[in-house]
Amino acid sequence: MKKRYYIAYGSNLNIRQMMVRCPNARIIGTSTIPNYELLFRGSMTGAYLTIEPKDGGSVPVAIWSVDAKDERALDRYEGYPHFYYKKEMVLPIKGIRSGKVRNRTAFAYIMHEDRPLGVPSNRYILTCMEGYEDFGFDLAPLMNACINSREEAQK
């Protein structure tokens, strides 16, 4: 089976959750998506993280190696292709073990932009926070997404 690189920026940063969902996935490294921001968009079931272009923005991400079975599990979890679509990006990935930086093509799930901004559940935020802590990421982008999405949703 061919492995692909998957970009995680929300609840799939949570290592425990990801290992249950995608048991063959392996952490490859970390990176940052420049000129993007985190936002919460949603549906009747709740609001979830997505990324959207924003000049000067920055989103910390983890990169996982996934096989076809794991990718199918992610497709189901993300509601692909109706809720999220996939976008490939080339990112400089800092290896978890080696610390070396290599450019790799990886895919991210991005929520369809016509979905309304929304306020996430506390449980979802806590799951994402655990993932940020798993990778030692600064919580500021996640907290800013909470504030910005709440403010925009209330307009």
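Placed above this text is the structure.
Residues numbered from 1 in each chain as written. Predicted model: local features only at pLDDT ≥ 70, side-chain atom pairs only at ≥ 80, totals over all residues. Heavy atoms only, no water.

### Details of unusual backbone geometry
- Across the junction of Tyr80 and Pro81, the peptide omega takes the value 5°, indicating a cis bond.
- Within the secondary structure, Pro81 sits in the loop between α2 (68–78) and β4 (84–95).
- At Asn35, a residue that is not glycine, the phi angle is positive and equals roughly 60°.
- Given a relative accessible area of 39%, Asn35 falls into the partly exposed group. (Helix = DSSP H or I, 4+ residues; strand = E, 2+ residues; numbered from the N terminus. Buried < 20%, exposed > 50% of the residue type's maximum accessible area, 1.4 Å probe, protein only.)

### Concerning the packing of aromatic side chains
- Counted according to the given criterion, the structure contains ten aromatic pairs.
- The interplanar angle of 80° and the centroid separation of 6.2 Å between the aromatic rings of Phe40 and Tyr124 together place this pair among those described as edge-to-face. With Phe40 in strand β2 (residues 26–43) and Tyr124 in helix α3 (residues 122–135), this residue pair connects regions lying 84 residues apart in the sequence.
- On the basis of relative accessible area, Tyr124 is assigned to the buried category, the value being 10%.
- Centroid distance Tyr132 to Phe137: 5.7 Å. Interplanar angle 80°. Geometry classified as edge-to-face. Each member of the pair, Tyr132 together with Phe137, is buried.
- Ring pairing ties together the aromatic residues Phe40, Tyr48, Phe83, Tyr84 and Tyr124, which thus form one cluster.
- Across from the ring centre of Tyr77, 3.3 Å away, lies the NZ or CZ of Arg21, which sits over that ring.
- Note that Lys86 overlies the ring of Tyr80, its terminal NZ or CZ placed 4.5 Å from the centroid. (Phe/Tyr/Trp six-rings, centres within 6.5 Å; stacked < 30°, edge-to-face > 60°. Lys NZ or Arg CZ within 6 Å of the ring centre and 35° of its normal.)

### Structural notes on the side chain of Ser11
- Mapped onto the elements of the fold, Ser11 is located in the loop between β1 (4–8) and α1 (15–21).
- Polar contacts involving the side chain of Ser11 include one to the side chain of Tyr77, which spans 2.8 Å.
- If near-sequence neighbours (up to four positions away) are discounted, Ser11 is found in contact with Gln17, Tyr77, Tyr124, Thr127 and Cys128. (Polar contact = N/O pair within 3.5 Å; in protein donor to acceptor, adjacent residues only side chain to side chain. Contact = heavy atoms within 4.5 Å.)

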